[in-house]
Amino acid sequence: QAAAATTRTARSARERAEEVPFTCGRCVARRAGRFVSGPCGATLVVCPSAILAQWRSELERHAAPGSLAVVTYEGQPRGASGPDAKKRSRTINAPVSALDLARADVVLTTYETLRNDLH
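Residues numbered from 1 in each chain as written. Predicted model: local features only at pLDDT ≥ 70, side-chain atom pairs only at ≥ 80, totals over all residues. Heavy atoms only, no water.

Counting seven residues, the largest nonpolar core consists of Val45, Cys47, Leu52, Leu59, Val70, Val106 and Leu108. Put simply, the parts of the chain that give this core at least two residues each are strand S1 (43-47), helix H4 (52-62) and strand S3 (106-110). When near neighbours in sequence (up to four residues on either side) are disregarded, Val45 contacts Trp55, Val106, Val107, Leu108 and Thr109. With five residues, the next largest nonpolar core counts Val71, Tyr73, Ala104 and Val107 among its residues. (Core = buried A, V, L, I, M, F, W, Y, C linked by side-chain atoms within 4.5 Å. Buried < 20%, exposed > 50% of the residue type's maximum accessible area, 1.4 Å probe, protein only. Helix = DSSP H or I, 4+ residues; strand = E, 2+ residues; numbered from the N terminus. Contact = heavy atoms within 4.5 Å.)

Written as structure tokens, this is what we have:
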């Protein structure tokens, strides 16, 4: 039950992408770059991709159901515009804003995701 409640509370970006209609590249950048004022209480966990799922399962196992909002950050969408964008839009991650991350209690991501977003 605990795992199910946490899973419902904190869906991955990939699951949200299935619900999000096509978004042009300019809109993706605008949403992702929104300014957030005020303190952020999120804890950022950066780990190798091989143990990302283990981090999520340990959080589900040790936290009370519904007590933590966990976000798995998989990077900003690539190729959100262009001639084949509508075809690719179902596989592209939904845009993640700073507000999405700030509202979480724990943000899980990988070294590879950060490297890709920074370069």
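Pairing within the open sheet is parallel, and its three strands lie in the order S1-S3-S2. Strand pairing shows two members of the sheet lacking a second neighbour, S1 and strand S2 (70-72), which therefore form its edges. Averaged over all neighbouring strand pairs, the angle between strand axes comes to 20 degrees, with direction disregarded. The pairing of S1 with S3 spans five bridges and is parallel. Bridge pairing in S3 links Thr43 to Val106. (Pairing = 2+ DSSP bridges. Axes fitted to C-alpha atoms, helices over the stretch in contact; angles between N-to-C directions.)

So, about the environment of Arg115. One can find Arg115 in helix H7 (residues 111-118). Taking the C-alpha atoms as reference points, Arg115 and Gly75, 40 residues apart in sequence, are found 9.6 Å from one another.

S3 sits mainly inside the fold: five of its five residues count as buried. On S3, burial covers both faces: Val106, Leu108 and Thr110 on one face and Val107 and Thr109 on the other are all buried.

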